[in-house]
Amino acid sequence: MENKVIDIIKSRRSIRRFMEDQIRDEELELILEAGIYAPSAHNDQSWHFTVVQNKELIKELSEQAKEAAQEFDLDDVILKMVTNPELDIFYGAPTLIVVSGEEASMMPQIDCAAATQNMLLAAEAIDIGTCWNGIVTFLFESSKKEAYKEKLEIPEGYKPYYAVAVGYKKARPTKAPSRRKGTVSYLR
Ligand SMILES: Cc1cc2nc3c(=O)[nH]c(=O)nc-3n(C[C@H](O)[C@H](O)[C@H](O)COP(=O)(O)O)c2cc1C
């Protein structure tokens, strides 16, 4: 069965090379609107989005996240990434959307994940690239978490969970990774 939404879901890939030029404000607003329209536990709408379009701050977050990650026990793949001085963990994206959740809400981290996925799909629908970033989470969990909550002006009572790198695609990955088998059971 053909369906536009399914096509978008299946064509979205993590983009790891971005153009330098900034996305248009209308494109940014459309992506944010998709996040805001996500489902949420208890209809808490517990998300807060911080748009970072300051190049120096994005660079600083990349450097600080790599350093902060080293406070934690890491697997080999992540360790290799965070000790690579050349790596920009946001891959040159001109926009970052930091997604924070209201801690007093029922299920803020899940609400924020739903909002994040909505934003990735909305971006794909207008051919804008995204990469969900979990490495920055190390910074938000590290000894510097309070300093960065302040620097990013995260509202009181909210906790930053992840960030999405957003920008025009410079490279287009081809086929989606193959899917694990046996992830569905039917009881009929
Ligand atoms: C919670 C979460 C955290 C992620 N963190 C990162 C990250 O820090 N860096 C990165 O390059 N990709 C990250 N990804 C992207 C995954 O690596 C990617 O979704 C996966 O390999 C499947 O590839 P695809 O998105 O192209 O389908 C993350 C994805 C999720 C859902």
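Values in this document were obtained by computation on a predicted structure and should not be read as measured data.

Next up on the list: the overall build of the protein chain. A count of helical and extended segments in the protein chain gives seven helices and four strands. For the protein chain, the succession of helices and strands along the chain, N to C, is α-α-β-α-α-β-α-β-α-α-β. For 188 residues, the compact-globule formula gives about 16 Å, and the C-alpha radius of gyration of the protein chain, at 17 Å, lands near that figure. Viewed in the frame of its principal axes, the protein chain has a C-alpha envelope of about 50 × 40 × 40 Å. Taking all 188 residues of the protein chain together, the buried fraction comes to 42%. Counting contacts in the protein chain only where the partners sit at least 6 residues apart, residues at least 24 apart contribute 84% of the total. Roughly 11,600 Å² of accessible area belongs to the protein chain as shown, and the carbon and sulfur atoms make up 52% of that amount.

Turning next to the site of the ligand. In the vicinity of the ligand, the residues found are Arg-12, Arg-13, Ser-14, Arg-16, Tyr-91, Cys-131, Trp-132, Asn-133, Gly-134 and Ile-135. A distance of 2.8 Å separates an oxygen atom of the ligand from a polar atom in the side chain of Arg-16. Against a free-state accessible area of 620 Å², the protein chains account for coverage of 65% of the ligand. Of the residues that constitute the shell around the ligand, the class distribution is four nonpolar, three polar and three charged.

Bringing the UniProt feature "domain: Nitroreductase" (unreviewed entry) in the protein chain into the picture now. In this structure's numbering, the residues bearing the UniProt feature "domain: Nitroreductase" (unreviewed entry) are residues 9-168. As a span, residues 9-168 carries 42% helix and 19% strand, and end to end its C-alpha atoms are 18 Å apart.

Glancing now at the pairing of strand β2 (residues 95-102). The buried fraction of β2 is high, at seven of eight residues. Two strands pair when backbone bridges link them, and strand β1 (residues 47-52) and β2 are joined in this way by six bridges, in the antiparallel orientation. Pairing of Val-51 across the sheet is with Ile-97, part of β2.

Each strand in a sheet pairs with another by means of backbone hydrogen bonds, the pair being arranged parallel or else antiparallel. In spatial order, the strands read β1-β2-β4-β3; together these four strands make up an open sheet with antiparallel pairing. The sheet terminates laterally at β1 and β3 (128-133), the two strands that pair on one side only. This sheet shows a mean twist of 25° between the axes of neighbouring strands, independent of strand direction. Lying on the sheet, helix α5 (residues 108-125) is in contact with β1, β2, β3 and β4 (158-168); it crosses β4 at an angle near 10°.

Attention now moves to unusual backbone geometry. Phi at Asp-127 is positive, roughly 60°, even though this residue is not glycine. Despite not being glycine, Glu-153 shows a phi value in the positive range, around 55°. In this structure, Glu-153 sits in the loop between α7 (145-151) and β4.

Position of Asn-133 relative to the elements: it lies in strand β3. Within the local environment of Asn-133, its side chain forms a polar contact with the backbone nitrogen of Val-136, the two atoms lying 2.8 Å apart. In this structure, Asn-133 is in contact with Ile-89, Phe-90, Tyr-162 and Ala-163, ignoring residues within four places of it in sequence.

Within the largest apolar cluster, 29 residues are counted, with the highest numbers of intra-cluster contacts made by Leu-61, Phe-90 and Leu-96. Contributing elements (two or more residues each) for this core: α3 (55-69), β2, α6 (136-141) and β4. Among the elements that line this core, the one with the most residues is α3, at six residues. Setting aside its immediate chain neighbours within four residues, Leu-61 contacts Phe-90, Leu-96, Leu-139, Tyr-148 and Leu-152.

Another point: the side chain of Thr-95. By secondary structure assignment, the location of Thr-95 is in strand β2. Within polar-contact distance, the side chain of Thr-95 engages the side chain of Gln-22 at 2.5 Å. The contacts of Thr-95, once residues within four sequence positions are left out, are Gln-22, Ile-23, Leu-28, Val-51, Val-52, Gln-53, Ile-58, Val-164, Ala-165 and Val-166.

A surface patch of nonpolar side chains, about 250 Å² in accessible area, is lined by Val-5, Ile-6 and Ile-9. Here Ile-6 shows up in helix α1 (residues 4-11). By relative accessible area, which is 41% here, Ile-6 ends up partly exposed.

What counts, and at which threshold
Residues numbered from 1 in each chain as written. Predicted model: local features only at pLDDT ≥ 70, side-chain atom pairs only at ≥ 80, totals over all residues. Heavy atoms only, no water. Helix = DSSP H or I, 4+ residues; strand = E, 2+ residues; numbered from the N terminus. Rg over C-alpha atoms; globule rule 2.2 N^0.38 Å. Buried < 20%, exposed > 50% of the residue type's maximum accessible area, 1.4 Å probe, protein only. Contact = heavy atoms within 4.5 Å. Areas by Shrake-Rupley, 256 points an atom, 1.4 Å probe, with all protein chains shown as cover. Near = heavy atom within 4 Å. Polar contact = N/O pair within 3.5 Å; in protein donor to acceptor, adjacent residues only side chain to side chain. Nonpolar A, V, L, I, M, F, W, Y, C, P; charged D, E, K, R; others polar. UniProt positions renumbered as here; feature names shortened; annotations may be inferred. Pairing = 2+ DSSP bridges. Axes fitted to C-alpha atoms, helices over the stretch in contact; angles between N-to-C directions. Core = buried A, V, L, I, M, F, W, Y, C linked by side-chain atoms within 4.5 Å. Patch = residues over 30% accessible without salt bridge, like charges linked within 9 Å, V, L, I, M, F, W, Y side chains within 5 Å. Salt bridge = Lys/Arg side-chain N within 4 Å of Asp/Glu carboxyl O.

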